[in-house]
Amino acid sequence: MDETALVNSAQHGDLDSFNTLILHYQDSIFHTALRIIGDEDLAQDATQEAFISAFRNISSFRGGSFKAWLMRMVTNACYDEFRRQKRRPTTPLEPDTADGEEIDSPRWLADKNMTPAEKAEADELEHAIQHCLDALPTDFRTAVVLADIQGMDYSEVATASRVPLGTIKSRLARARLRLRECLRGFEELLPSSFRLEGERNS
Amino acid sequence: MKNFRDIELLSSYLDGQLSPSDSARLESRISSDLELASALDDLRAAQSILRKLPARKAPRNFTLTRKMVGLKPPLPRSYSIFRFSTAFATFLLMLTFAANSILPRISFGAAKPMAEAYGMGGGGGGCDQPCLPAMAAATEAPVATEAPVATEAPALSPMAAIAPTSTEASVANQDSTRMAETPTPDGQTPKAAETESALQNQPQSQNEAPIPPIWQSSLSIIILLSALIMFLLRRSAISKWK
C-alpha cells in the first residue's frame, strides 16, 4: 500500500483512496477508541466519527505520520463522546440472566477457539486491565493507550494528543505508576511472571 | 517510593527516550539502589500487561460513503449562471409586486394634504368675509369626490382600486374644486359639477400601474425556465457521477 499516494488522492477528494486507508487502519483506530472509552458501541461511534472528520479535514494533513494524525482524530472523537456522555448520561443495556443479573461476557462475544475456562480467564484479565484504565484521568489514559497499547513513540503521541513532549513523558510515568498500583488488586488474574515480580518487590 | 522525577526518568528509560549518557548514569544508580530497581520493575510490569491486552478487531467496516461525508456531484459551470438568473429574476419579480402595491399608497398619502392646501389657498384670492361659506364648501370637496371611488372600488380589480388614489386623481380633484368656486352656466350646484368631473377623470388613472403586468409575466417565465434547466443539469450531473 502506497500510503503517500493514497493520502494525496484523498486530499484531492478521492473517497475510494481514503477508504483503502480506512481498511488498513480501522482495527487499530477502533482498538484505541475501545481502550479510551471502554464501551464497544461508543467506540464504534467514535471510530466512525473520527474517519468522517479525518476525510473532511484531510487537507490539513501536512505530512509526517498519518497514523499519528488519525490517532489525533480518534482521540478528539473520544473526548467529544465523553462530553456527550456528561451532557446526556445513559444506562448501558447489558443482557440479563433469568435472575435479572447482568452477564459480563455475553455468549455472542465468545471466541470459539478458546476453552470456556481460558475464555473466562482472558475476559477477567481484560476486564481488570480495562477497569484500571478507566480509573485513570482521560489524558493519562490516552497517553498510555497510544504509547503502550498502540506502540507509538513519544513524538507521535505528542502529535496525536497535541501536547508537548515533556507533558507526554510526565503523563506516561504517572499513568504507569497508577496502573501498577491498581493492578496489584488483581494479582490472582495476572500471568505468573507478573505475580512473581510482585512478590519479589513486596 | 522514589520521587516523581526518578519515576519519570525510569519511564523514559523504559521507552528508550533517554540520551546514552543519561541512560548510563541511571543504570549505575539502578544497580546500586534496590528501591529504584523495584520501581523500574513496577513500571515495566504495567507496560507489559498493557501490551498483553488482546488486540480487538473492528466489528465492522468503517468505510465511508459519499452521503456520509456530504460529497456532492460536480455541477457544470452553466448551473451557477442559471442559479443566479433564477435568484435575480425572483428578486425583480418581488420588487415589481412591492412597487405596484406600495408606490400608489405613498403618492396618495402625499397628494391629499396638497389637495387640501390647494383648495384653501387657491380660492381665497380676492375674497373678504362673504367668501367664507364658499371656501368651506371647497375644502370639503375632496371628501365628496372620494366617496364615489369608494363605492366603485369593490367592482374593480385590486390594482385598479388603488389607482384612483394616484397623484393625477388628486390633481383632477383639485381642478374640480377650483371650478366649484365659479357658478356654472346650466345652474348645477358646485358640488355636483365636481363629482361629475372627478368621475370622468378616474377611469384614466385607474388603468395606470407603476409596473405593467407584462413585466411580471416575463419574469415569471424566466424563473420557471431557469429552474427547469437547473433541475435538468443537476439530474444529468448526478447520473453521470453515479
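Computed from a predicted model, the values in this text were never measured in an experiment. Numbering of residues begins from 1 in every chain and follows the order in which that chain's sequence is written. Note on labels: chains are lettered from A, ligands numbered from 1, in written order. Local features in this predicted model are restricted to residues whose pLDDT is 70 or higher, and side-chain atom pairs enter the listing and the counts only when it is 80 or higher, whereas totals over whole chains, interfaces and linings include all residues. Calculated side-chain values reflect all of the structure's heavy atoms, with hydrogen atoms and water omitted.

## Thoughts on the overall build of chain A
Consideration 1: Summing up its helical and strand segments, chain A has nine helices and zero strands in all.
Consideration 2: Secondary structure elements are taken from DSSP: a helix is a run of H or I of four residues or more, a strand is a run of E of two residues or more, and numbering for both begins at the N terminus. What you see in chain A, going N to C, is helices and strands ordered as α-α-α-α-α-α-α-α-α.
Consideration 3: Whether a residue is buried, partly exposed or exposed follows from its accessible area with a 1.4 Å probe, protein chains only, as a fraction of its type maximum: under 20%, in between, or over 50%, in that order. Evaluated residue by residue, chain A yields a buried proportion of 45% over its 202 residues.
Consideration 4: Here, two residues are considered to be in contact whenever any of their heavy atoms come within 4.5 Å of each other. Of the contacts formed within chain A by residues at least 6 apart in sequence, a portion of 57% connects residues at least 24 apart.
Consideration 5: Surface exposure of chain A reaches about 10600 Å², of which carbon and sulfur atoms provide 48%. Per-residue accessibility takes into account occlusion by the displayed protein chains alone, with areas from the Shrake-Rupley method and a 1.4 Å probe.

## Points about helix α7 (residues 154-161) of chain A
Consideration 1: Taken residue by residue, α7(A) has A:Tyr154, A:Val157, A:Ala158, A:Ala160 and A:Ser161 as its buried positions. Looking straight down α7(A), one finds its buried side chains confined to an arc of 165°; they lie on one side.
Consideration 2: On its buried side, α7(A) packs onto α4 (66-87), α6 (138-149) and α8 (165-183) of chain A together with α1 (4-14) of chain B.
Consideration 3: Phi for A:Arg162, located one or two positions after α7(A), is positive at around 55°. Throughout, the arc means that of the directions going from the helix axis to the C-beta atoms.

## Re the pattern of salt bridges
Consideration 1: The salt bridge criterion pairs a side-chain nitrogen of Lys or Arg with a carboxyl oxygen of Asp or Glu, the two atoms within 4 Å. According to the stated counting rule, one finds 15 salt bridges over all chains in the structure shown.
Consideration 2: Between A:Asp139 and A:Arg171 there is a salt bridge, with its nearest N and O atoms 3.6 Å apart. Of this pair, A:Asp139 sits in helix α6 while A:Arg171 sits in helix α8, and the two are 32 residues apart along the sequence.
Consideration 3: Salt bridges sharing common partners tie together A:Arg35, A:Glu40, A:Glu126 and B:Arg56.

## With respect to the nonpolar core
Consideration 1: We define a nonpolar core as any set of buried Ala, Val, Leu, Ile, Met, Phe, Trp, Tyr and Cys residues linked to one another through side-chain atoms lying within 4.5 Å. Ranked by internal contacts, the top residues of the largest apolar core, which has 65 residues, are A:Phe18, A:Phe66, A:Leu133, A:Val144 and B:Leu64.
Consideration 2: For this core, the leading source of residues is helix α2 (residues 15-37) of chain A, giving 11 residues.
Consideration 3: Residue contacts for A:Val144: discarding those within four places in its chain leaves A:Leu133, A:Leu136, A:Ile149, A:Leu172, A:Ala175, A:Arg176, A:Leu179 and B:Leu50.
Consideration 4: Counting residues in hydrophobic clusters, the runner-up holds 14 residues, among them A:Leu177, B:Leu26, B:Ile30 and B:Leu43.

## With respect to α2(A)
Residue and element names in this part refer to chain A.
Consideration 1: Expected helix span is computed as 1.5 Å times (number of residues minus one). Here α2 contains 23 residues, and its C-alpha end-to-end distance of 28 Å is more than 12% below the 33 Å for a straight helix at 1.5 Å per residue.
Consideration 2: Fitting axes to the seven residues that end at a residue and to the seven that start at it, the angle between those axes gives the bend at that residue. Largest kink in α2: about 55°, centred on Tyr25.
Consideration 3: For α2, a buried count of 18 out of 23 residues is recorded, marking the element as mostly surrounded by other parts of the structure.
Consideration 4: Where α2 terminates, the next one or two residues include Gly38, which has phi positive at roughly 85°.

## Section: the interface of chain B and chain A
Consideration 1: In this assembly, 39 residues from chain B lie in contact with 46 residues from chain A.
Consideration 2: In this description, buried area is defined as the sum, over both parts, of the accessible area (probe of 1.4 Å) that is lost when the two are combined. Across the chain B to chain A interface the summed buried area is about 4000 Å²; carbon plus sulfur atoms make up 63%.
Consideration 3: Our enumeration of links across chain B and chain A arrives at six salt bridges.
Consideration 4: For A:Arg184, the salt bridge goes to B:Asp42, with nearest N and O atoms at 3.0 Å.
Consideration 5: Definition of a polar contact: a pair of N or O atoms within 3.5 Å, with one able to donate and the other able to accept a hydrogen when the atoms are protein atoms, and with sequence-neighbouring residues admitted only if both atoms are side-chain atoms. Applying the counting criterion to the chain B and chain A interface returns 17 residue pairs in polar contact (both at pLDDT 80 or more).
Consideration 6: Counting only elements with at least two residues in the side of chain B that touches chain A, the list comes to α1 and α3 (34-52) of chain B.

## Regarding the side chain of A:Arg141
Residues and elements named next belong to chain A.
Consideration 1: Relative to the elements of secondary structure, Arg141 occurs in helix α6.
Consideration 2: Positive charges are assigned to Lys and Arg, negative charges to Asp and Glu, while His and the chain termini are left out of the count. Asp134 provides the closest opposite charge to the buried, unpaired Arg141, separated from it by 4.4 Å.
Consideration 3: Of note is the side chain of Arg141, whose polar atom sits 3.3 Å from the backbone oxygen of Asp134.
Consideration 4: Setting aside anything within four residues of it in sequence, one finds Arg141 in contact with Arg35, Ile36, Phe82, Leu133, Asp134 and Leu136.

## Topic: the state of the cysteines
Residue and element names in this part refer to chain A.
Consideration 1: In what follows, a disulfide is any cysteine sulfur pair within 2.5 Å. Under the criterion given, the structure shown has one disulfide over all chains.
Consideration 2: With its sulfur 2.0 Å from that of its partner, Cys132 forms a disulfide with Cys182. Of note, the bridge from Cys132 to Cys182 carries an S-S torsion of about -80° and is left-handed in sense. Linking Cys132 in helix α5 (residues 116-134) with Cys182 in helix α8, this pair joins segments that are 50 residues apart in sequence.
Consideration 3: Under the relative-accessibility criterion, Cys132 is labelled buried at 2%.

What is shown is where atoms sit, not what they do.
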